[in-house]
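Read off the chains here:
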Amino acid sequence: MSYEKVLQAQKFVIGTKQTVKALKDGNVRELIIANDADAKVTAAVVKEALDINVPILYVDSMKKLGKACGIEVGASTVAIIS
């Protein structure tokens, strides 16, 4: 599953603001979004990723995604960067 991709990634950014910035900079290889995140929060990230053809993967839980990133809170979006 995509949680393993985060665990194996050498560089990633967490959160919608940082992810949008990384997408605009052209550094994102893959985008991971938690299904239980509020669609209003992730909409800008999804739009930006679709505009530049970045692959989007979905996972079940913000809490598990945050844990995979090594943080104690949930993460709505994570961008694996190059």
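Above this text sits the structure in question.
Residues numbered from 1 in each chain as written. Predicted model: local features only at pLDDT ≥ 70, side-chain atom pairs only at ≥ 80, totals over all residues. Heavy atoms only, no water.

Enquirer: Honestly, the pattern of salt bridges in this entry has me stumped. Any pointers?
Expert: Pairs may arise between side chains of opposite charge once their charged atoms sit close together. Throughout the structure, instances matching the rule amount to three salt bridges. The partner of aspartate 25 in a salt bridge is lysine 21, with the nearest N and O atoms 3.5 Å apart. Here aspartate 25 pairs with lysine 21, and both are found in helix H2 (residues 16–25), just four residues apart, close to one helical turn. Taking relative accessible area as the criterion, lysine 21 reaches 53% and is therefore assigned exposed. Lysine 47 is paired through a salt bridge with aspartate 51; the nearest N and O atoms lie 2.9 Å apart. Placement of the pair is lysine 47 and aspartate 51 together in helix H3 (residues 39–51), with a separation of four residues, close to one helical turn. Judged by its relative accessible area of 54%, lysine 47 falls in the exposed class. (Salt bridge = Lys/Arg side-chain N within 4 Å of Asp/Glu carboxyl O. Helix = DSSP H or I, 4+ residues; strand = E, 2+ residues; numbered from the N terminus. Buried < 20%, exposed > 50% of the residue type's maximum accessible area, 1.4 Å probe, protein only.)

Enquirer: It is not clear to me how helix H4 (residues 62–69) should be interpreted in this structure. Could you clarify?
Expert: An α-helical turn contains 3.6 residues, so a residue and the one three or four places further along point in the same direction. When we look at burial in H4, the residues that qualify are Leu65, Gly66, Ala68 and Cys69. Around the axis of H4, the buried residues are gathered within 160 degrees of arc, so they sit on the same side. Within H4, the exposed residues directed more than 90 degrees away from the buried face are Lys63, Lys64 and Lys67. Structurally, H4 contributes buried residues whose contacts are with helix H1 (2–8), strand S1 (12–14), strand S2 (28–34), strand S3 (56–59) and strand S4 (77–81). (Arc of directions from axis to C-beta. Contact = heavy atoms within 4.5 Å.)

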